[in-house]
Amino acid sequence: MLDRWTMPLTQAPLIRLAAWLAKCQIRPDQMTLAAFLIGMSALPLLAMEWYAPALAAILLNRLGDGVDGALARLNHQPSDAGGFLDIGLDFVFYAAVVLGFALADPAANALAAAFLLFAFIGTGTSFLAFAIMATRHGLTRPRFRQKAFYYLHGLTEGTETILAFVAFCLWPGHFPLLAVLFAVACLVTTVTRLWGGYRTLRALETPP
């Protein structure tokens, strides 16, 4: 929901950082993999309840996730392979963060973490399923031209996910409540995406 406002604000600093990385001969896929490895370090950090270092790893991952796309566009190297790698690793990272909190305190957090992972399945599959169909029908993405995938907006997008992860790390004792609330928001996103995607595709298939 917030991506339409936050993404335009972040593009200028990301481009400046990407320009510096380009001078260092860093390739977009290298940036994607580096950001993923940094982000995955949050899993053991969270399991050990080292929340401040875990938060730093999460934020660095999200920074790298923005920079790799800017780097690809700056070098005129956007690719389907790079987009596929980026989104695939993103979903693995998201799940790893939630798993980290489950491992930190299984008795208190495991059920809420499982519920949130269930909700992530809905947002992820609705995101990717519509992206496949949108490509088949040649749909464009006027708001997010820098994205490798076309997708429907929802209550929970990238910005909301980052904010949720930050809240989890700042108030780990409230993870069960925060995770359940975010999971409910994700389920709302799933329902609206499924309905919106169905109506959009049905309209394309119905003769005028």
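Keep in mind that this is a model prediction, so the values were computed, not measured.

We now examine the overall build of the protein. Scanning the protein for helices and strands turns up eight helices and zero strands. Each helix and strand of the protein, ordered N terminal to C terminal, gives the series α-α-α-α-α-α-α-α. Looking at the protein as a whole, 41% of its 208 residues qualify as buried. Expressed as a percentage of contacts within the protein between residues at least 6 apart in sequence, the contacts between residues at least 24 apart total 78%. For the protein, the accessible area works out to roughly 11300 Å², and carbon and sulfur atoms hold 71% of it.

As a further point, take the packing of aromatic side chains. Tallying each qualifying case throughout the model produces 14 aromatic pairs. Between the aromatic rings of Y94 and F165, the centroid separation amounts to 6.0 Å while the plane-to-plane angle is 65 degrees, which identifies the pairing as edge-to-face. Of this pair, Y94 sits in helix α5 (residues 80–104) while F165 is found in helix α7 (residues 158–170), placing the two residues 71 residues apart along the sequence. Here Y94 and F165 have matching classes, each one buried. Joined through ring pairs, the aromatic side chains of Y51, F91, F93, Y94, F101, F120, F127, F165, F168, F175 and F182 make up one cluster.

Before going further, it helps to examine a nonpolar patch on the surface. A cluster of nonpolar side chains, contributed by I38, L60 and L63, occupies part of the molecular surface with about 240 Å² of accessible area. Residue placement: I38 occurs in helix α2 (residues 28–40). A relative accessible area of 34% means that I38 is categorised as partly exposed.

With that settled, the discussion passes to the confidence of the model for the protein. For the protein, per-residue confidence averages 86 on the pLDDT scale, and residues scoring 70 or more make up 87% of the total. The least confident element of the protein is helix α1 (residues 3–23), whose mean pLDDT is 78; the most confident is helix α3 (residues 42–47), at 98.

Between its first and last C-alpha atoms helix α8 (residues 175–205) spans 44 Å; for 31 residues at 1.5 Å apiece the expected length is 45 Å, and the two agree. Along α8, the residues that are buried comprise F175, A179, F182, A183, A185, C186, T189, T190, R193, G197 and L201. Contacts made by the buried residues of α8 are with α5, α6 (106–136) and α7.

Remark: α7 packs on α8, axes separated minimally by 10 Å, with the N-to-C direction vectors making an angle of 170 degrees. As the angle between them shows, α7 and α8 are arranged roughly antiparallel. On α8, the residues touching E160, T161, A164, A167 and F168 of α7 are F175, L178, A179 and F182. Taken together, the residues of the contact of α7 with α8 sort by class into seven nonpolar, one polar and one charged.

Turning our eyes to something else, we now look at the side chain of T123. You can see T123 is positioned in helix α6. The contacts of T123, once residues within four sequence positions are left out, are T156, C186, T189, T190 and R193.

The next thing to look at is the environment of G197. Inspection of the secondary structure assignment puts G197 in helix α8. Classification of G197 as buried rests on a relative accessible area of 5%. Separated by 66 residues in sequence, G197 and A131 have C-alpha atoms that sit 9.6 Å apart.

Grouped together as the largest cluster of nonpolar side chains are 29 residues, with contacts concentrated most on L46, F101, L116, F120, F165 and F168. Counting only elements with at least two residues in this core, the list comes to α3, α4 (51–74), α5, α6, α7 and α8. Counting residues per element, this core draws most heavily on α5, which supplies seven residues. Once residues within four sequence positions are removed from consideration, L116 is found in contact with V98, F168, A179, F182 and A183.

What counts and how
- Residues numbered from 1 in each chain as written.
- Predicted model: local features only at pLDDT ≥ 70, side-chain atom pairs only at ≥ 80, totals over all residues.
- Heavy atoms only, no water.
- Helix = DSSP H or I, 4+ residues; strand = E, 2+ residues; numbered from the N terminus.
- Buried < 20%, exposed > 50% of the residue type's maximum accessible area, 1.4 Å probe, protein only.
- Contact = heavy atoms within 4.5 Å.
- Areas by Shrake-Rupley, 256 points an atom, 1.4 Å probe, with all protein chains shown as cover.
- Phe/Tyr/Trp six-rings, centres within 6.5 Å; stacked < 30°, edge-to-face > 60°.
- Patch = residues over 30% accessible without salt bridge, like charges linked within 9 Å, V, L, I, M, F, W, Y side chains within 5 Å.
- Salt bridge = Lys/Arg side-chain N within 4 Å of Asp/Glu carboxyl O.
- pLDDT = per-residue confidence, 0-100.
- Expected span 1.5 Å × (residues − 1).
- Axes fitted to C-alpha atoms, helices over the stretch in contact; angles between N-to-C directions.
- Parallel < 35°, antiparallel > 145°, perpendicular 65-115°, else oblique.
- Nonpolar A, V, L, I, M, F, W, Y, C, P; charged D, E, K, R; others polar.
- Core = buried A, V, L, I, M, F, W, Y, C linked by side-chain atoms within 4.5 Å.

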